[in-house]
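Secondary and tertiary structure notes
Take a look at the letters that make up each chain.
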Amino acid sequence: YYWKYLGRNQFESRIAPPTFDTYTNKTLYDAIFLLKRKLPAKALYYFSKLIGNQKLKSDAERYIDALDKCNMIGILFSHFANVEWIFETYNIYQVMQKLPEEDLNTYLLEVKNIKWKEYFINYAYGIQKFILREDVEPPFEGRGNFINTRPMFLSDLMFVFYKGKFQATREHSQILKMILQTDKVRIAVRTLAEADAAKSALSEPKRLAIQQDKVAEILDRMAARLNNNKMRMLGYIIHKAYKRMYEKVVINRGALEKIGQLTEKKEGNVVYCPTHRSYVDFLILSYVLFAHKIKVPHICAGEDFLNIAVVHSFLRSSGAFFMRRSFKDDILYKAVFYEYVQLLLSDNHSLEFFVEGTRARSGKMLSPKFGLLNILTNSYF
């Protein structure tokens, strides 16, 4: 599929039609590379110098440079090409056996069911469009592009005010009152107050009040302040930015309709666990849901974002709540965080978190962090 696409859409900056061959024998590879590539390239270069054709000479120099890079890539990847790699799929098949038929059709865990034609053709298109910067038509029309790039009067404002779904939420004072009344927080408050008895001459009620004030401080820093108007303002900014950054946002409308139905049924919570490759990840998901009038999730974000002026306020108003990177030894913080997440779940809010715990700067999947996942599953099991 890859080479068929290239046959129909040749690179504008190509020197020669691309080909791809593999050899398991290094000596054979070197000999064929010399005879088929290097010697013809050198011959072309000296011939161009002989006849004085500058354009031909320039093309020959580019060809030699490209061959040197190809040879370097071959050397760098020789370990991966010459060693047999076996990937175990036992765990995947265990998961597949436990999933219902509907989920198996939704989540393509079986590599045989992946549409490889679309995958490889889009891969080739991406090289041509975004690496070589060539003007080329997309190979497939998106199944649901909703960034309207046509100039329309007040189209961005209309997008913001006609999209989105109103979400009711509790007042912060009510959330604090409910958190203070939960068993886990009350036990943590009393434990810490008793631990301070030996260090402080204060009475027990005052020691308890100090710990309760700490709960209020933790929650004030942690909790979301969902504000539908501010969320629309952020939606307007993101919509304007994405129209300039991207040609289209392609979505699966059928899958989104299923998610919309699940959020309306109120039979359980919808939890989104996307991979984390860039800071666009959590914005694009909320943007897609907002555009389709599906409840925007409460996003679990790191406290690092609180250091970014203005931005953290918009994120908090759009449903983000903030957690420390580590708090396993802080029993009060752990209790407040646990009960706050449980309250969001009991109020039927959708949640979003990155199971990797942080952004994968290498582009690879990181080992999962199970802390928040355990808190969520404790609500059901």
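This write-up is about the structure you can find in this document. Keep in mind it's a predicted model, so treat the numbers as computed, not measured.

Below, the discussion takes up the pairing of strand β2 (residues 298–302). In regular strands, side chains alternate between the two faces of the sheet. Among the five residues in β2, five count as buried, and that is most of the element. Where β2 and strand β3 (residues 320–323) come together, four bridges link them in parallel fashion. Bridge pairing in β3 places isoleucine 299 opposite alanine 320. On the question of chirality, the crossover connecting β2 to the parallel β3 by way of helix α15 (residues 311–317) is right-handed.

Let's shift gears to the packing of helix α8 (residues 155–162) against helix α12 (residues 228–245). Relative orientation of the contacting elements α8 and α12 amounts to 135°, with a least axis distance of 9 Å. Relative to α12, α8 is oriented oblique. Between α8 and α12 lies a crossing whose hand is right-handed. Residues Ser155, Asp156, Leu157, Phe159, Val160 and Phe161 of α8 form the contact with α12, whose participating residues are Arg232, Gly235, Tyr236, His239, Lys240 and Lys243. Of the residues in the contact of α8 with α12, the class split is five nonpolar, three polar and four charged.

As a further point, take the pattern of salt bridges. For the structure shown, the criterion picks out twelve salt bridges. In this structure, the salt-bridge partner of lysine 258 is glutamate 102, at a minimum N-O distance of 3.9 Å. Of the two residues, lysine 258 sits in helix α13 (residues 253–265) while glutamate 102 sits in helix α6 (residues 101–106), which places them 156 residues apart along the sequence. The partly exposed category is assigned to lysine 258, whose relative accessible area is 37%. For arginine 190, the salt bridge identified is with glutamate 204, shortest N-O distance 2.8 Å. You can see arginine 190 sitting in helix α10 (residues 183–195) and its partner glutamate 204 sitting in helix α11 (residues 204–222), a full 14 residues away along the chain. You can call glutamate 204 partly exposed: its relative accessible area is 36%.

Moving on to the sheet that holds strand β4 (residues 351–352). A sheet is described by the order of its strands in space; here four strands give the open sequence β1-β4-β2-β3, paired in parallel fashion. Where the open sheet ends on each side, the last strands, each with one partner, are β1 (271–272) and β3. The pairing of β2 with β4 spans two bridges and is classified as parallel. Across the sheet, isoleucine 299 pairs through a bridge with glutamate 352, a residue of β4. Its contacts with the sheet place helix α16 (residues 331–346) against β2, β3 and β4, and it is angled at close to 160° to β3.

Rules of the game
- Residues numbered from 1 in each chain as written.
- Predicted model: local features only at pLDDT ≥ 70, side-chain atom pairs only at ≥ 80, totals over all residues.
- Heavy atoms only, no water.
- Buried < 20%, exposed > 50% of the residue type's maximum accessible area, 1.4 Å probe, protein only.
- Helix = DSSP H or I, 4+ residues; strand = E, 2+ residues; numbered from the N terminus.
- Pairing = 2+ DSSP bridges.
- Right-handed = clockwise from strand over helix to strand, strands pointing away.
- Axes fitted to C-alpha atoms, helices over the stretch in contact; angles between N-to-C directions.
- Parallel < 35°, antiparallel > 145°, perpendicular 65-115°, else oblique.
- Left-handed = near helix turned anticlockwise from the far one by under 90°.
- Contact = heavy atoms within 4.5 Å.
- Nonpolar A, V, L, I, M, F, W, Y, C, P; charged D, E, K, R; others polar.
- Salt bridge = Lys/Arg side-chain N within 4 Å of Asp/Glu carboxyl O.

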